[in-house]
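Below are the chains, spelled out letter by letter.
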Number of protein chains: 2
Amino acid sequence: MKIIDGGVCAAKGFTAGSIRSGIKDSRADDDTAIIFSACECTAAATYTMNRVKAAPLYVTMEHLENGVARAIVANAGNANACAPDGMENARRMAKVAAKVLGVDEDDVVVASTGVIGQRLPVECIEQHLPEIVLDGNGSEKANRAIMTTDTKTKTAAVEFTIGGRICRIGGICKGSGMIHPNMGTMLSFLTTDCAITHEMLAEALQENVRKTYNRVTVDGDTSTNDMCVVLANGQAGNELIEWQDEEYQAFCKALNEVNTRLARQIAADGEGATKLVTCTVKNSRSEEAAERLAKAVVGSNLVKAAMFGADANWGRVLCAMGYSKAPFRPEYVSVAFESAAGRVAVCEKGAAIDFDEALAKQVLSESEVTIQVDVGEGTDCATAWGCDLTYDYVKINGDYRT
Amino acid sequence: MKIIDGGVCAAKGFTAGSIRSGIKDSRADDDTAIIFSACECTAAATYTMNRVKAAPLYVTMEHLENGVARAIVANAGNANACAPDGMENARRMAKVAAKVLGVDEDDVVVASTGVIGQRLPVECIEQHLPEIVLDGNGSEKANRAIMTTDTKTKTAAVEFTIGGRICRIGGICKGSGMIHPNMGTMLSFLTTDCAITHEMLAEALQENVRKTYNRVTVDGDTSTNDMCVVLANGQAGNELIEWQDEEYQAFCKALNEVNTRLARQIAADGEGATKLVTCTVKNSRSEEAAERLAKAVVGSNLVKAAMFGADANWGRVLCAMGYSKAPFRPEYVSVAFESAAGRVAVCEKGAAIDFDEALAKQVLSESEVTIQVDVGEGTDCATAWGCDLTYDYVKINGDYRT
């Protein structure tokens, strides 16, 4: 497997682009993107677990019922959630995209992100979408167009081999607030030229989202608009993946690589974040327990604030584990902090140990910090990603709407 | 029922006081308090649901097994959680208090609050506790001694009548960080001169804690040290409450009044908070659903940040309800904000309605704000309390330990 450039256009036959429709007067950048496949794709998606779901999710569910799609149209600046004319406007968005691309309306995936509760000015999109130019270098441009409070574009792509054929998977995503496990990304769009059935694609995505995006938490708020979509157009020419065979495993491995890279980028770019905080839990009695523990640690406001302050306050790590509802024995737990600046063990068998405070401060001052937890009672492990809680998180969210 | 002064010494036969033992060099104020009853009390307590429990909780559980107690000793500055010699030091704390007070060691409740993972310097307490002076005006002094990041003392007391006899319940509490449902206070100490059996007292407390402290959330972190204790010494001379009769109901009503007042004070004094945020959910299909919804709303970082910014971002209210796991229909939900400055309806039947942004800003700029949610499908209701998320929360928790 090889890391490559190209993002959502890395796979053969995919193009992308964007326009500024003017959904928000205050936004000078492009606000609407299209990702397009030259031929029909098998498609799969996962959606937010929030009971309140935005209209575009329902439209996308309808359109993906047959397991095929050609294009994704997505806008930023308005979530089209709890909004007047929500379903109608989401359909109008699919319709204009279909017309512009010359495809069936129900082959279009629709996604939105932005403020909740305001009518989507779909007229803007209808007016300006025909101006769109799609090309094989459009990944970055499309990525920029779906950013909200994101400070960076987020992209990943890999090349791998299936039955002697070179395949690619690539993706772009956005999301930095309202990020929490249970479909933990705002929007993630993946494309691949691998030939794979809808069933296998859906299974691979479902399984992998659980281990990647769903282990990211920024603020504990699960959005109304979260969606992860993958389109597979088969242009790599590999033999169709129909079973859970070696080729399927190779595909899953590549998918995991792309999704893990995207998930880490979302966590690192959490609203107001100054650092990526990773928690690894090992020697747990089950993967599920390890996952709950790791997620509780990176999700704790107190841990997050301590990470911002580069404070080796490991008591908060144990405290968060304690309310995670996962089984473990406090008296078996060891904790260490690690980063490019070194490693410092702070707790052994559930109790304090002496450590070098100056070194701890250095370790925690890096832009990527790992909290290593050993629960000492099994063999399973899990990793979760989050970020620190900063003044800027409060600033960004204290007045986002206006 | 009448609101009275006196806090934890309002009930007949209770005295309190505090000393500075020097647990933390940096703390100039008193750090250790005693609450004492002139005669034996029935006693009940609730404890944190965190799997990691501090040593004093285990010692208190042992001591309350027989349902009676005489005194509470509590310190701030060190939680004695995940700390070397934890159990031994908690026992030594009970022992010295028992000696000073001339009571049995197992009639002493022990509580601690402060930093996790450091050895409690119990020698300091052993050295200085004999200097303590207890009196009937000591409630405020004891309250100050158990404060950590609290900015205010928190107290409440009421007078009520049982079978013609005047009874009193009063309490003090502390807690402003690591506050979350599941025994949502750090420490709450209640006293009453009402005569009530251990069984009835335990039942009343258990039931009421669920509706008061457990509906407070400051930061979603459930502490390792939470404890709520009530001592009942019977000095009011009422006929012993042994059944769930009218007298029991009168007692519960008074207990609820005191605990509700204390719970609100905890929420209002949440770390860094500038305002008390109350969420009322009405017309729910069950009290449990209403409670989950209300707690999710006041617990959402995004809602909390919007309250700080006085931003009428009601979409975040619906979003939080959506991930609460409680059943409700988004399309039936109405939301309004209310405070001393007025009331503004912002969402009806799950969709945006026009509202006066200037008025909304005024309403949300008050120091007490209520988010009123009507889920429009039943008759049950619940209230939860929280506070806003501010720069100061980050500041306080970014470097609390050092």
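Once a new chain begins, its residue numbering starts again from 1 and follows that chain's sequence as written. The naming scheme follows written order: chains are lettered A onward, ligands numbered 1 onward. With pLDDT at 70 or above as the cut-off, local features in this predicted model cover only qualifying residues; side-chain atom pairs require 80 or more to be listed or tallied, and sums for whole chains, interfaces and linings still use all residues. Excluding hydrogens and water, the side-chain values take into account all heavy atoms of the structure.

Visitor: Explain the relation of the copies chain A and chain B to me, using residue names and the numbers behind them.
Guide: What sets the superposition is a least-squares fit of C-alpha atoms, and only residues with pLDDT of at least 70 in both copies go into it. Superposing chain A onto chain B takes a rotation of 180° plus a shift of 0.0 Å along the axis, which leaves an RMSD of 0.0 Å. Overall, the copies show the geometry of a two-fold rotation axis. Closest approach to the rotation axis within chain A is made by the C-alpha atom of Tyr391(A), at a distance of 2.6 Å. Contacts: residue pairs with any heavy atoms within 4.5 Å of one another. Most of the interface of chain A is mirrored in chain B: 100% of its interface residues are interface residues there too.

Visitor: Account for the sheet that holds strand β11 (residues 334-339) of chain A, naming residues and giving values.
Guide: Residue and element names in this part refer to chain A. Note on pairing: two strands pair once DSSP finds at least 2 bridges between them. Going along the chain from the N terminus, every DSSP run of H or I of four or more residues is numbered as a helix, and every run of E of two or more is numbered as a strand. With respect to topology, six strands assemble into an open sheet ordered β13-β12-β11-β14-β10-β15, the strand pairing being mixed. Of all strands in the sheet, those bounded by a partner on one side alone are β13 (351-352) and β15 (380-387). The convention used is that axes are lines fitted to C-alpha atoms, helices contributing only their stretch in contact, and that angles between N-to-C directions extend from 0 to 180 degrees. Packing of helix α8 (residues 301-308) onto the sheet brings it into contact with β10 (276-284), β11, β14 (368-374) and β15, and relative to β14 it is tilted by some 135°. Here helix α10 (residues 357-364) sits on the sheet and contacts β11, β12 (342-348) and β14; the angle it forms with β12, its principal contact strand, is near 120°.

Visitor: Quick rundown of the pattern of salt bridges? Include the residues and the values.
Guide: Each salt bridge in this description consists of a side-chain nitrogen of Lys or Arg and a carboxyl oxygen of Asp or Glu lying within 4 Å of one another. Tallied over the full model, the rule gives 46 salt bridges over all chains. Lys211(A) is the salt-bridge partner of Glu287(A), the closest N and O atoms lying 3.9 Å from each other. Of this pair, Glu287(A) sits in helix α7 (residues 287-299) while Lys211(A) is found in helix α5 (residues 198-211), placing the two residues 76 residues apart along the sequence. The shortest N-O distance in the salt bridge between Glu126(B) and Arg92(B) comes to 2.8 Å.

Visitor: Outline the packing of helix α11 (residues 391-398) of chain A against helix α8 (residues 301-308) of chain B, supporting the account with residue identities and numerical values.
Guide: Viewed as axis vectors pointing N to C, α11(A) and α8(B) meet at an angle of 75°, and their least axial separation amounts to 7 Å. Relative to α8(B), the element α11(A) is oriented roughly perpendicular. Where α11(A) abuts α8(B), its residues Tyr393(A), Val394(A), Asn397(A) and Gly398(A) lie against Asn301(B), Leu302(B), Ala305(B), Ala306(B) and Phe308(B). Residue composition of the contact of α11(A) with α8(B), by class: six nonpolar, three polar and no charged. Reported orientations rely on four angle classes, namely roughly parallel under 35 degrees, roughly antiparallel over 145, roughly perpendicular from 65 to 115, and oblique for the rest. Gly is placed with the polar residues, together with every amino acid not listed as nonpolar (Ala, Val, Leu, Ile, Met, Phe, Trp, Tyr, Cys and Pro) or charged (Asp, Glu, Lys and Arg).

Visitor: Outline the packing of aromatic side chains, listing residues and values.
Guide: Stacked, tilted and edge-to-face are the three classes assigned to paired rings of Phe, Tyr and Trp, where Trp is represented by its six-membered ring and a pair needs centres within 6.5 Å; plane angles under 30 degrees give stacked, over 60 edge-to-face, the rest tilted. Inspection of every chain in the model, using the stated rule, returns five aromatic pairs over all chains. Measuring from ring centre to ring centre gives 6.2 Å for Tyr391(A) and Tyr391(B), while their planes differ by 50°; the resulting arrangement is tilted. You can see Tyr391(A) sitting in helix α11 and its partner Tyr391(B) sitting in helix α11 (residues 391-398), one on each of two chains. Each residue gets one of three labels from its accessible area relative to the maximum for its type: buried under 20%, exposed over 50%, partly exposed in between, using a 1.4 Å probe on protein chains only. In this structure Tyr391(B) comes out as partly exposed when scored by relative accessible area, which is 30%. The interplanar angle of 85° and the centroid separation of 5.4 Å between the aromatic rings of Phe308(B) and Tyr391(B) together place this pair among those described as edge-to-face. Of the two residues, Phe308(B) is situated in helix α8 and Tyr391(B) in helix α11; the sequence distance between them amounts to 83 residues.

Visitor: Can you break down the domain arrangement of chain A residue by residue, with the values?
Guide: It is common to give the size of an interface as the accessible area that goes away when the parts come together. Residues and elements named next belong to chain A. The domain limits used here are those given by an automatic or database domain assignment. Domain boundaries in chain A define domain 1 (2-268) and domain 2 (276-398). Contact residues are listed per partner, giving 16 residues for domain 1 and 17 residues for domain 2. Surface buried jointly by domain 1 and domain 2 totals about 1400 Å² across both partners, of which 54% is contributed by carbon and sulfur atoms. Among the residues of domain 1 in contact with domain 2, Arg-215, Thr-217 and Arg-264 are the three that bury the most area, contributing 46% of the side total. Seen at the junction of domain 1 and domain 2, the total is five salt bridges. The set of elements that each furnish at least two residues to the side of domain 1 that touches domain 2 consists of α5 and α6 (246-268). For the side of domain 1 that touches domain 2, the element with the most residues is α6, which contributes five residues. Here the residues of the side of domain 1 that touches domain 2 sort into six nonpolar, five polar and five charged. A simple way to read buried area is as the amount of 1.4 Å-probe accessible surface that goes missing from two parts once joined, with both sides added.

Visitor: Which residues make up α11(B), and what are the values?
Guide: All buried positions along α11(B) are accounted for by Tyr393(B), Val394(B), Asn397(B) and Gly398(B). Along the long axis of α11(B), the arc covered by the buried residues comes to 120°, so they all point the same way. Against α8, α9 (315-322) and α11 of chain A lie the buried residues of α11(B). By definition, the arc is the one covered by directions from the helix axis to the C-beta atoms.

Visitor: Account for the sheet that holds strand β11 (residues 334-339) of chain B, with residues named and values stated.
Guide: All names here are of chain B. Across the sheet, six strands lie side by side as β13-β12-β11-β14-β10-β15; this open sheet has mixed pairing. Strands with a single pairing partner mark the edges of an open sheet, and in this sheet they are β13 (351-352) and β15 (380-387). Bridge analysis of strand β10 (residues 276-284) against strand β14 (residues 368-374) gives seven bridges, and the strand direction is parallel. What sits directly across from Thr-278, in β14, is Thr-370.

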